[in-house]
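Listed below, chain by chain, are the residues.
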There are 2 protein chains.
Amino acid sequence: MKKLGRSTVVFENPPSIKEFFAIVGEKEGQGPLKDCFDSIVNDPYVAEKSFEAAEAKLQKLAVSGVLEKASLKQEEIDIIFAGDLLNQCIGSTFGISSFQIPFVGLYGACSTMAESLCLASVFAAGGIAAKAIAVTSSHFCSAERQFRLPLEYGGQRPPSAQWTVTGSGAMIVEAQGTAAPFVRGVTFGTIEDYLIKDVNNMGAAMAPAACKTIKAHLDATGASAADFDLIVTGDLGKIGGELLCQLMREEGMDISSCYNDCGMMIFDIEKQDVHSGGSGCGCSATVMCAHILQRIRSGELKRILFAATGALMSPTSTMQGQSIPAICHVAEISNTKV
Amino acid sequence: MKKLGRSTVVFENPPSIKEFFAIVGEKEGQGPLKDCFDSIVNDPYVAEKSFEAAEAKLQKLAVSGVLEKASLKQEEIDIIFAGDLLNQCIGSTFGISSFQIPFVGLYGACSTMAESLCLASVFAAGGIAAKAIAVTSSHFCSAERQFRLPLEYGGQRPPSAQWTVTGSGAMIVEAQGTAAPFVRGVTFGTIEDYLIKDVNNMGAAMAPAACKTIKAHLDATGASAADFDLIVTGDLGKIGGELLCQLMREEGMDISSCYNDCGMMIFDIEKQDVHSGGSGCGCSATVMCAHILQRIRSGELKRILFAATGALMSPTSTMQGQSIPAICHVAEISNTKV
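Okay, the overall build of chain A next. Within chain A one finds 9 helices and 15 strands. For 338 residues, the compact-globule estimate of 2.2 N^0.38 gives 20 Å, and the C-alpha radius of gyration of chain A, at 18 Å, lies within 12% of that figure. Considering only C-alpha atoms, chain A reaches an extent of 50 × 50 × 35 Å along its principal axes. When the 338 residues of chain A are sorted by exposure, 67% land in the buried category. Partitioning the intrachain contacts of chain A with sequence separation of at least 6 by distance along the chain shows that 78% fall at a separation of at least 24. When the accessible surface of chain A is totalled, it reaches about 10,900 Å², and 49% of it is carbon and sulfur.

Printed below as a string of structure tokens:
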């Protein structure tokens, strides 16, 4: 491992993402990526009694699924990094509790797939985990009633609102893996707060954090936007994505030709009536695990930046009139080791 | 770094805990450790408008305090690991948002001081953080109204209940430090669920996790309880502590002669009417930062195990009839490098 800049790490022997697995709900299973998911569950309860237990079940199924796909037993995994949006992260704790795998609990809101992947990669590259799992989840019904309004209320959503994805994505990061995708480097972000207070406009709140960490990664590694086939955020949505491109231009970097956002990819935002796009930890997790990592493995994509963003407020802080601090972590993923 | 067993890491060049800082509330400032804290705040609002903002302020003051004590600027810190008990960890996100330090958000409930210290130590020993901060907090008033009952209700507490500490503790972990304390090794724990459902008996829910990770650390490193001056948990309280000693005996290890619990140390549990003892992320954080690390620095303690435990339920999971999964992470701290 080599430290570049303040919080960028590049890996001399990059760990591989050995396997990945994505499970989603019905609406996601009707979107543009419907043929890519490993599993689509039409029952929003996933045969559990509550939406929260359903979300935990999705995370459990994602971990079981990725283990099975990789032909590994849970005993072969040294550590698991997980988190989610629910109060006290019960999607992860109850989802993972049936596994006997050392567990590091995270809270990074919708940045969690990148946060967990970055940490798993550091542990693998540092020789202290032969194999690590990174996993996260979200569920429209558990998130909606916790963060916004009771589902039964049917609250109207402004055009800037995003739709929380129901789904979970899990990756196995392997220290000595020889097959692509490889994690070439990571950058951990700082908290940015542009004093935006509209919880129905998360994209705007998170775009500055994405700009900051992407720029930090490019500056530290000496790369430019032109070196990447794809710079993909998760999940700024339509509005936040446009703001990010604008902020990057103001920094003298034009990413618009290689930019996309997981929240724009998982839904047909017009036909599926999701306004500004998808969101939730499960959004970038399932788009990465179902679609993007596969395209890197196949060689269709050579080198990408995965920049997952999180809005770090709570319903309490919002009701108390506070702004929305945001964060972004970045993983550079490639189909070659160098 | 050397991996021993599944999730134990020992450091060939152990990072040092360069500095530590503890800030607490009025009740903690009247307890047995009153002369040890760096700062005691008698205003439960800490000059903020809500208890949640007060908790964030405590974390901000702990980070400012430890930087000042170490004569460091925030620019000299490569990364900060933080988390707390509040929904979406707003004690940490709002506490840290005024610093421009790369941030890794954690959720480990009351295990957070160990979780953050273990990760900071791995990053320092792995050469990817010259200096890292580990910090956490809790606040009686924010925790009580979130997890239990409105403060105004004055709900009666059963004898097994613990009292959430108001306070925050922060440590600076340095890769190339030459002065004690040193972090010699860490073990990340698995989630253990003994199906205990009584949220007023967290000690019982968490004791099995403590037993599991302490045993894993001793097994992996080949050490025995006799090698330590102190094995300290945070925070099992009186009931959980007794259960842990019993569980360890059943594993053939008697830790009772060197065992203590941060929740038993921060309060005079009889005189201060805190029933089974203190709890909350801020309990073990402030006891470590105010008292135990100082005793290691002075040489009074030579080698200790710090085993912080977390109860991973939420009020929602409890109301839905779920049990309390628990976790424990362990850091081995010594006043010598070998």
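Alright, that's what it looks like, and here's the rest.
At the interface, 61 residues of chain A touch 61 residues of chain B. Across the chain A to chain B interface the summed buried area is about 4,700 Å²; carbon plus sulfur atoms make up 61%. Here chain A is connected to chain B by 2 salt bridges. Residue B:Lys3 pairs with A:Asp78 through a salt bridge whose shortest N-O separation is 3.2 Å. Viewed at the interface, chain B and chain A are joined by 30 residue pairs in polar contact (both at pLDDT 80 or more). Tallied by class, residues from the side of chain A that touches chain B come to 31 nonpolar, 21 polar and 9 charged.

All names here are of chain B. For helix α6 (residues 237–250), with 14 residues, the first-to-last C-alpha span of 20 Å sits near the 20 Å given by 1.5 Å per residue. Buried residues of α6: Gly237, Gly240, Gly241, Leu244, Cys245, Leu247 and Met248, and no others. Taken around the axis of α6, the buried residues stretch over an arc of 165°, which confines them to a single face. Buried-residue contacts for α6 involve α5 (202–221), β11 (230–234), β12 (259–261) and α7 (262–265).

What follows is about the environment of A:Ser276. Residues and elements named next belong to chain A. Looking at the secondary structure, you find Ser276 in the loop between α7 (262–265) and β13 (278–279). The buried category is assigned to Ser276, whose relative accessible area is 2%. Residues Ser276 and Ala130, spaced 146 residues apart in sequence, show a C-alpha to C-alpha distance of 40 Å. Those residues in contact with Ser276 that sit more than four places away from it in its chain are Pro159, Ser160, Ala161, Gln162, Gly237, Lys238, Ile239 and Met264.

Here the focus is helix α5 (residues 202–221) of chain A. All names here are of chain A. Counted at 1.5 Å a residue, the expected span for α5 with its 20 residues is 28 Å, and the 29 Å between its end C-alpha atoms agrees. Of all the 20 residues making up α5, 14 are buried; the element is thus mostly covered by neighbouring parts of the structure. Phi turns positive, to about 75°, at Gly222, one or two residues after α5.

Residue and element names in this part refer to chain A. Burial analysis of strand β14 (residues 303–311) places 9 of its 9 residues in the buried class, the great majority of the element. Of the two faces of β14, the one lined by Arg303, Leu305, Ala307, Thr309 and Ala311 and the one lined by Ile304, Phe306, Ala308 and Gly310 are each fully buried. Alignment of strand β11 (residues 230–234) against β14, held across 5 bridges, turns out to be parallel. By the bridge assignment for β14, Leu230 is matched with Ile304. The sheet contact formed by β14 and strand β15 (residues 326–334) spans 9 bridges and is antiparallel. Within β15, the position partnered with Ala307 by the bridge is Val330.

Right, let's talk about the nonpolar core for a bit. Membership of the largest hydrophobic core comes to 128 residues, with the highest contact counts inside it found for A:Leu244, B:Ile214 and B:Leu244. Core analysis: the second largest hydrophobic core is formed by 118 residues, A:Ile79, B:Phe37, B:Ala285 and B:Met288 among them.

Here the focus is the pattern of salt bridges. For the structure on display, the rule yields 30 salt bridges over all chains. Among the ionic pairs, B:Lys69 bridges to B:Asp38, the shortest N-O distance being 2.8 Å. A residue pair is termed long-range when its members are at least 10 positions apart, and B:Lys69 in helix α1 (residues 51–69) and B:Asp38 in the loop between β3 (16–25) and β4 (39–41) qualify at 31 residues. For B:Lys69, a relative accessible area of 35% puts it in the partly exposed group. One network of salt bridges, with partners in common, ties together A:Glu19, A:Asp38, A:Lys69 and A:Arg297.

Residue and element names in this part refer to chain A. Along the chain, Thr309 turns up in strand β14. Remark: the alpha-carbon pair of Thr309 and Gly189, spanning 120 residues in sequence, is separated by 9.4 Å. Once residues lying within four places of it in the same chain are set aside, the contact partners of Thr309 are Cys110, Ser111, Met206, Ala210, Gly234, Asp235, Leu236, Ile327 and Cys328. A polar contact is formed between the side chain of Thr309 and the backbone nitrogen of Asp235, at a distance of 3.3 Å.

As a further point, take the packing of aromatic side chains. Applying the stated criterion across every chain yields a total of 8 aromatic pairs over all chains. Between A:Phe81 and A:Phe123, the aromatic rings sit 5.0 Å apart at their centres with planes inclined by 75°, giving edge-to-face as the arrangement. Taken together, the residues A:Phe81 in strand β5 (residues 79–84) and A:Phe123 in helix α3 (residues 112–125) connect sequence positions 42 residues apart. According to the relative accessible area criterion, A:Phe123 is buried, its value standing at 1%. Look at A:Phe140 and A:Trp163: their rings are 4.1 Å apart centre to centre, the planes differ by 10°, and that puts the pair in the stacked class. Here A:Trp163 lies in strand β8 (residues 163–164) and A:Phe140 lies in helix α4 (residues 140–148), a separation of 23 residues in the sequence. We classify A:Trp163 as buried; its relative accessible area is 17%. Through a chain of ring-to-ring contacts, three or more aromatic side chains come together here, namely A:Phe81, A:Phe123 and B:Phe188. The lysine or arginine in question, A:Lys27, covers the ring of A:Trp163, its NZ or CZ lying 4.2 Å from the ring centre.

Below, the discussion takes up unusual backbone geometry. A cis amide bond, omega 5°, links A:Gly234 with the succeeding residue A:Asp235. Here A:Asp235 lies in the loop between β11 and α6 (237–250).

Let us now look at the packing of α5(B) against α6(B). Residues and elements named next belong to chain B. At a closest axis distance of 8 Å, the pairing of α5 and α6 adopts a crossing angle of 40°. Classified by the angle their axes make, α5 and α6 are oblique. Read as a crossing pair, α5 and α6 show a hand that is right-handed. Packed against α5, whose contacting residues are Gly203, Ala204, Ala207, Pro208, Ala210, Cys211, Ile214 and Leu218, the element α6 presents Gly240, Leu243, Leu244, Leu247 and Met248 at the interface.

Rules behind the numbers
- Residues numbered from 1 in each chain as written.
- Chains lettered and ligands numbered in written order.
- Predicted model: local features only at pLDDT ≥ 70, side-chain atom pairs only at ≥ 80, totals over all residues.
- Heavy atoms only, no water.
- Helix = DSSP H or I, 4+ residues; strand = E, 2+ residues; numbered from the N terminus.
- Rg over C-alpha atoms; globule rule 2.2 N^0.38 Å.
- Buried < 20%, exposed > 50% of the residue type's maximum accessible area, 1.4 Å probe, protein only.
- Contact = heavy atoms within 4.5 Å.
- Areas by Shrake-Rupley, 256 points an atom, 1.4 Å probe, with all protein chains shown as cover.
- Buried area = accessible area lost by both parts, 1.4 Å probe.
- Salt bridge = Lys/Arg side-chain N within 4 Å of Asp/Glu carboxyl O.
- Polar contact = N/O pair within 3.5 Å; in protein donor to acceptor, adjacent residues only side chain to side chain.
- Nonpolar A, V, L, I, M, F, W, Y, C, P; charged D, E, K, R; others polar.
- Expected span 1.5 Å × (residues − 1).
- Arc of directions from axis to C-beta.
- Pairing = 2+ DSSP bridges.
- Core = buried A, V, L, I, M, F, W, Y, C linked by side-chain atoms within 4.5 Å.
- Phe/Tyr/Trp six-rings, centres within 6.5 Å; stacked < 30°, edge-to-face > 60°.
- Lys NZ or Arg CZ within 6 Å of the ring centre and 35° of its normal.
- Axes fitted to C-alpha atoms, helices over the stretch in contact; angles between N-to-C directions.
- Parallel < 35°, antiparallel > 145°, perpendicular 65-115°, else oblique.
- Left-handed = near helix turned anticlockwise from the far one by under 90°.

Take it as geometry only, folks, not as evidence of what the structure does.
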